[in-house]
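What follows is each chain in one-letter form.
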Amino acid sequence: MSGLLLEGLVAGRTARGGKGFRLPPLDQRVAPGEVVAVIGPNGAGKTTLLKTLAGLLPPLAGSIERPRAAWLPPPGAVAAGFSVLHLTALGRSHLRRWSSGLAPADLAAARAALDRLDVGHLADRPFDRLSSGQQQLVLIARLFVQDAPLCLLDEPLALLDPAHARAVEAAIRILAGEGRIVIASTHHLPFAARADRVLALGPDGAEMDAPGRALAPDRIRALFGVEADGCPCCGGPLS
Amino acid sequence: MDPVSRLKSTLPTLAATLLVVACVIAVLATGPLAIPPADLLSAAFGRGGPEAELVLTLRGPRLLAALTCGAALGGAGAGFQILFRNPLAAPDLLGVSSGAGLGAALALLLGAGTVLVQSAAFAGGLAIGGLALGCAALTRSGDGRLALILCGVVAGALASAGLGLVVIVAEPYSQLPAITYWLLGSFTRATLAEALFALGPICLGGAVLLWLGFRLDVLSLGDEQARSLGLPARRLRLTALAAAALMTSAAVALAGVVGWIGLLAPHAARLIVGERAGRLIPVSMAIGALFALVIDRLATAFGPAEIPVGLLSAAVGAPAFLFLFVTASRRS
């Protein structure tokens with residue numbers, strides 16, 4: 001699988017009257033199998049960056065070279081009244097060019113992915129009736145079904161209880177372990193500490209670094225404006 | 001998929017279709033002149049008695065009109081409800097019905113014949129639907145659904161204003177009743193040629209909606225989800241909207257403004273087969289056709305004067321909708 005290559009990439013949004021914003025230019029190479037955590041205060045542009053990487057927003061400048069991308073919106077953003085199995089199987093939509101329905105192989109793949117994340121028993125339930133944690137696991141199962149080499153996850157751990165957060169993080173590890181690039185935004189800094197690299201998006205610039213350096217107390221203070229020993233939200237260790 | 005679950009998934013569509021066929025036979029065979037179904041069948045192949053042939057020529061076009069309009073409105077309504085994730089979406093969401101009404105009223109005002117009136121209605125519906133789609137394309141809101149609904153309301157209001165103007169200008173003793181009667185909807189005036197003429201666009205639109213199938217489910221998740229799942233969201237959404245608008249325009253051109261079918265049929269279908277587009281759309285079509293048949297039969301059931309189907313469908317449809325809504329909300 002090929003990696004992700006950013007050359008002078010500027011993400012942002014244009015709007016009339018100077019209401020848009022531009023993120024600082026990014027020159028990065030991310031290798032297959034890497035997990036990159038994107039941290040930064042609210043409004044720093046994490047979602048805009050992820051959407052630009054996913055191809056949902058056009059870059060304002062620079063170039064981006066990427067394999068096929070999959071995008072996971074934050075928990076609670078997906079509403080669907082049909083069954084979990086059907087929603088998961090829709091991950092293979094791009095393979096069905098001319099048929100009006102999904103193929104048996106799509107359902108089999110969906111069932112396998114759900115079983116793999118221990119949510120196979122939810123297959124026939126309507127997606128809307130699941131808890132946030134269950135929904136998130138189902139959507140990550142859909143990432144397995146979609147099988148894109150680049151996975152962009154917007155706040156995958158938000159709203160989740162500790163057990164579901166742990167299950168989602170384990171699933172993210174499996175995604176990356178199979179050679180996919182995973183880029184996830186988060187406010188859960190212990191998760192960032194366990195990532196391979198951390199991209200800190202602040203008002204002054206964007207820096208990609210190893211977790212140990214990116215999460216040092218002085219850098220956290222500069223980024224979030226709070227004094228903290230460990231994670232500013234939960235007090236968890238950052239190393 | 002194993003054969004058993006495949007059969008299970010097609011069962012509702014199959015059952016609804018069989019029910020429609022049974023009703024068609026019942027409607028054809030009964031009435032002021034009762035004809036056994038066997039005679040009707042041989043008459044259909046040109047070997048029946050004169051009575052059976054007469055019944056076929058009289059009841060056939062009307063039945064075909066009711067079936068196609070009902071199926072078109074049911075299918076289009078289901079398509080709109082899925083695309084907009086809104087249970088209140090109906091086939092006239094883009095202002096198509098108002099546009100068709102305006103087209104027909106204008107043609108009637110100018111003293112045009114039936115074919116011209118229907119063509120004008122068809123063109124008016126598509127023009128107003130196109131106007132709504134075009135205006136929505138100008139906006140830059142993140143998810144296009146709200147823009148589409150607003151532009152549909154605006155385009156529909158413009159058409160309604162035009163219609164009001166036509167009604168005021170119309171000559172009160174001959175033109176006005178014709179316009180009013182047209183607007184209330186009826187399957188009576190359809191000739192076989194007209195019904196077959198409407199069948200073309202309706203079948204085309206229906207085939208497109210059925211082909212879209214699971215893609216409609218993806219579109220219902222929103223544009224960003226659809227694009228990140230590898231589908232060309234804008235193009236597919238436009239295709240689906242155009243198909244639904246085409247079906248609605250053809251139905252309104254043929255039978256006038258028959259409301260409630262497009263709102264009611266998808267709700268009834270959802271109670272039976274759930275939310276998936278691949279099942280919801282065919283079953284909505286069948287239920288819409290069935291509802292139209294029943295309404296049309298009721299229209300002639302109360303004495304010699306015929307009740308306009310537009311009135312009846314609202315009188316029957318509104319309470320039925322309320323019943324379905326209460327049932328669905330209690331089930332969840």
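All values derive from a computational prediction rather than experimental measurement.

**Re the overall build of chain B**
Turning to step 1, where the next piece is worked out: For chain B, the helix and strand inventory stands at 14 helices and zero strands.
Turning to step 2, where the next piece is worked out: The C-alpha radius of gyration of chain B comes to 20 Å, within 12% of the 20 Å expected for a compact globule of 332 residues.
Turning to step 3, where the next piece is worked out: When its C-alpha atoms are laid out on the principal axes, chain B stretches across 60 × 60 × 35 Å.
Turning to step 4, where the next piece is worked out: By the burial criterion, 50% of the 332 residues in chain B qualify as buried.
Turning to step 5, where the next piece is worked out: Within chain B, counting contacts between residues at least 6 apart in sequence, those at least 24 apart form 74% of the total.

**Quick word on the overall build of chain A**
Turning to step 1, where the next piece is worked out: A count of helices and strands for chain A gives eight helices and eleven strands.
Turning to step 2, where the next piece is worked out: Residue pairs in contact within chain A that sit at least 24 positions apart in sequence constitute 68% of those at least 6 positions apart.

**A few points about the sheet that holds strand S9 (residues 181-185) of chain A**
Strand-to-strand pairing in sheets goes through backbone hydrogen bonds, with the strands running parallel or antiparallel.
Residue and element names in this part refer to chain A.
Turning to step 1, where the next piece is worked out: Spatially, the six strands line up as an open sheet ordered S7-S8-S9-S5-S10-S11, and their pairing is mixed. The strands lining the two open edges of the sheet, one partner per strand, are strand S7 (69-72) and strand S11 (206-209). Neighbour to neighbour, the strand axes of the sheet diverge by 15° on average, direction disregarded.
Turning to step 2, where the next piece is worked out: Lying over the sheet, helix H5 (residues 162-177) contacts strand S5 (35-39), strand S8 (150-153) and S9, oriented at roughly 150° with respect to S9.

**A word on helix H12 (residues 261-273) of chain B**
Residues and elements named next belong to chain B.
Turning to step 1, where the next piece is worked out: A rise of 1.5 Å per residue sets the reference length of H12, with its 13 residues, at 18 Å; its end C-alpha atoms lie 18 Å apart and thus fit the reference within 8%.
Turning to step 2, where the next piece is worked out: For H12, a buried count of eleven out of 13 residues is recorded, marking the element as mostly surrounded by other parts of the structure.
Turning to step 3, where the next piece is worked out: Among the residues making up H12, those that are buried are Ile 261, Gly 262, Leu 263, Leu 264, Ala 265, Pro 266, His 267, Ala 268, Ala 269, Arg 270 and Val 273.
Turning to step 4, where the next piece is worked out: The first or second residue beyond H12 is Gly 274, which carries a positive phi of 85°.

**A word on the sheet that holds strand S4 (residues 26-30) of chain A**
Residues and elements named next belong to chain A.
Turning to step 1, where the next piece is worked out: Ordered in space as S4-S1-S6, the three strands form an open sheet in which the pairing is antiparallel. What marks the edges here is a single partner per strand, and that holds for S4 and strand S6 (61-65). Adjacent strand axes in the sheet meet at a mean angle of 10° when their direction is disregarded.
Turning to step 2, where the next piece is worked out: As judged from the four bridges shared by strand S1 (residues 4-10) and S4, these two strands associate in the antiparallel manner. When the bridges of S4 are listed, Leu 6 appears paired with Gln 28.

**Some details on the packing of helix H3 (residues 50-84) of chain B against helix H8 (residues 192-212) of chain B**
All names here are of chain B.
Turning to step 1, where the next piece is worked out: At their nearest, the axes of H3 and H8 sit 9 Å apart, and the two run at 25° to each other. Comparing the axis directions of H3 and H8 gives the class roughly parallel. For H3 against H8, the interelement crossing comes out left-handed. Contacts between H3 and H8 involve Gly 60, Pro 61, Leu 64, Ala 65, Thr 68, Ala 71, Ala 72, Gly 75 and Gly 79 from the first element and Leu 192, Ala 195, Ala 198, Leu 199, Ile 202, Gly 206 and Leu 209 from the second.
Turning to step 2, where the next piece is worked out: Across the contact of H3 with H8, the residue classes tally to eleven nonpolar, five polar and no charged.

**What about the pairing of S7 of chain A?**
Residues and elements named next belong to chain A.
Turning to step 1, where the next piece is worked out: Residue alternation in S7 divides its side chains into two sets, Ala 69 and Trp 71 and Ala 70 and Leu 72, and both sets are buried.
Turning to step 2, where the next piece is worked out: Relative to S8, S7 runs parallel, the two being bridged by four bridges. Paired with Leu 72 across the strands is Leu 153, a residue of S8.

**As for the domain arrangement of chain A**
Residues and elements named next belong to chain A.
Turning to step 1, where the next piece is worked out: In terms of domain boundaries, chain A breaks down into domain 1 (1-68 + 148-239) and domain 2 (77-147).
Turning to step 2, where the next piece is worked out: One C-alpha centre belongs to domain 1, the other to domain 2; they are set 25 Å apart.
Turning to step 3, where the next piece is worked out: Facing eleven residues of domain 1, the contacting portion of domain 2 comprises nine residues.
Turning to step 4, where the next piece is worked out: Considering each element in turn, the side of domain 1 that touches domain 2 owes the most residues, five residues, to H5.
Turning to step 5, where the next piece is worked out: Here the residues of the side of domain 1 that touches domain 2 are counted per class, giving nine nonpolar, one polar and one charged.

**Description of the interface of chain A and chain B**
A common way to express how large an interface is: the accessible area buried when the components associate.
Turning to step 1, where the next piece is worked out: Between chain A and chain B, the contact holds 19 residues from the first and 19 residues from the second.
Turning to step 2, where the next piece is worked out: When residues of the side of chain A that touches chain B are traced back to their parent elements, those giving at least two are S7 and helix H3 (104-116) of chain A.
Turning to step 3, where the next piece is worked out: Looking at side-chain class alone, the side of chain A that touches chain B contains eleven nonpolar, eight polar and no charged residues.

**Examining the confidence of the model for chain B**
Detailed reading of predicted coordinates is not advised where the pLDDT is low.
Residue and element names in this part refer to chain B.
Turning to step 1, where the next piece is worked out: Scored by pLDDT, chain B comes out at a mean of 86, with 97% of its residues at no less than 70.
Turning to step 2, where the next piece is worked out: By mean pLDDT, the top-scoring element of chain B is helix H9 (residues 214-220) (93), and the lowest-scoring one is helix H2 (residues 37-44) (77).
Turning to step 3, where the next piece is worked out: Here the predicted complex carries an ipTM of 0.89, next to a pTM of 0.89.

**Considerations on H5 of chain A**
Residues and elements named next belong to chain A.
Turning to step 1, where the next piece is worked out: Between its terminal C-alpha atoms H5 stretches 22 Å, which fits the 22 Å expected from 16 residues at 1.5 Å a residue.
Turning to step 2, where the next piece is worked out: Among the residues of H5, Ala 167, Val 168, Glu 169, Ala 171, Ile 172, Leu 175 and Ala 176 are the ones counted as buried.
Turning to step 3, where the next piece is worked out: Check the buried side of H5 and you find it contacts S5, helix H4 (132-146), S8, S9 and helix H6 (189-193).
Turning to step 4, where the next piece is worked out: One or two residues past the end of H5 sits Gly 179, with phi positive at roughly 95°.

The rules we used
- Residues numbered from 1 in each chain as written.
- Chains lettered and ligands numbered in written order.
- Predicted model: local features only at pLDDT ≥ 70, side-chain atom pairs only at ≥ 80, totals over all residues.
- Helix = DSSP H or I, 4+ residues; strand = E, 2+ residues; numbered from the N terminus.
- Rg over C-alpha atoms; globule rule 2.2 N^0.38 Å.
- Buried ≥ 20, exposed ≤ 12 C-beta atoms within 10 Å, placed from the backbone.
- Contact = placed C-beta atoms within 7 Å.
- Pairing = 2+ DSSP bridges.
- Axes fitted to C-alpha atoms, helices over the stretch in contact; angles between N-to-C directions.
- Expected span 1.5 Å × (residues − 1).
- Parallel < 35°, antiparallel > 145°, perpendicular 65-115°, else oblique.
- Left-handed = near helix turned anticlockwise from the far one by under 90°.
- Nonpolar A, V, L, I, M, F, W, Y, C, P; charged D, E, K, R; others polar.
- Domains from an automatic or database assignment.
- pLDDT = per-residue confidence, 0-100.

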